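Spelled out from the first residue to the last, the chains are:
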Amino acid sequence: MLIHAMNIAEMTLGIILLFFAVILWSMFRKFTSALLALTALFVYASVIIDLLDYYSILSLETMCVYRGAPLLKYIPAFFVLLSFIVTFIVFFKEEKKHREDA
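Cut-offs applied
- Residues numbered from 1 in each chain as written.
- Predicted model: local features only at pLDDT ≥ 70, side-chain atom pairs only at ≥ 80, totals over all residues.
- Heavy atoms only, no water.
- Helix = DSSP H or I, 4+ residues; strand = E, 2+ residues; numbered from the N terminus.
- Expected span 1.5 Å × (residues − 1).
- Contact = heavy atoms within 4.5 Å.
- Phe/Tyr/Trp six-rings, centres within 6.5 Å; stacked < 30°, edge-to-face > 60°.
- Buried < 20%, exposed > 50% of the residue type's maximum accessible area, 1.4 Å probe, protein only.

> Requested: an account of helix H2 (residues 31-54), with residues and values cited.
For H2, which comprises 24 residues, the first-to-last C-alpha distance of 35 Å matches the rise-based estimate of 34 Å (1.5 Å per residue) to within 8%. Buried positions along H2 lie against helix H1 (2-28) and helix H3 (71-101). Note on H2: the residue one or two positions beyond its end, Ser56, has a positive phi of about 60 degrees.

Below is the structure:
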């Protein structure tokens, strides 16, 4: 029962993150807000993949196996981390440019 509540909470937080990222993008029109929305989509996709594995709809251990390592198990987390890192790098570059212009 606890796993269901945690999955629902994760999905809700992912939707809230996506909502706020879209609001930020519409207010400021910065590329980092769009990247934050992409990060939220990756988080949501990771939760969906975990749910599909939990309910045995798909098996993360047997799908997309490369040299014995199940890639589908690790790729969503990798994309979430990568998109956060890219978001921070682009954010710092935008802020540096904004400070130089001012």
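> Summarise the packing of aromatic side chains; cite the residues concerned and give the values.
For the structure on display, the rule yields 6 aromatic pairs. Ring geometry for Phe42 versus Phe79: centroids 5.4 Å apart, planes at 20 degrees, classification stacked. A residue pair is termed long-range when its members are at least 10 positions apart, and Phe42 in helix H2 and Phe79 in helix H3 qualify at 37 residues. What makes Phe42 partly exposed here is its relative accessible area of 25%. Take Phe79: its relative accessible area is 35%, and that puts it in the partly exposed class. Both rings, one in Phe88 and one in Phe92, keep their centres 6.5 Å apart while their planes meet at 20 degrees; by these two values the pair is stacked. Here Phe88 and its partner Phe92 are both found in helix H3, 4 residues apart, which amounts to about one turn of the helix. The exposed category is assigned to Phe92, whose relative accessible area is 55%.

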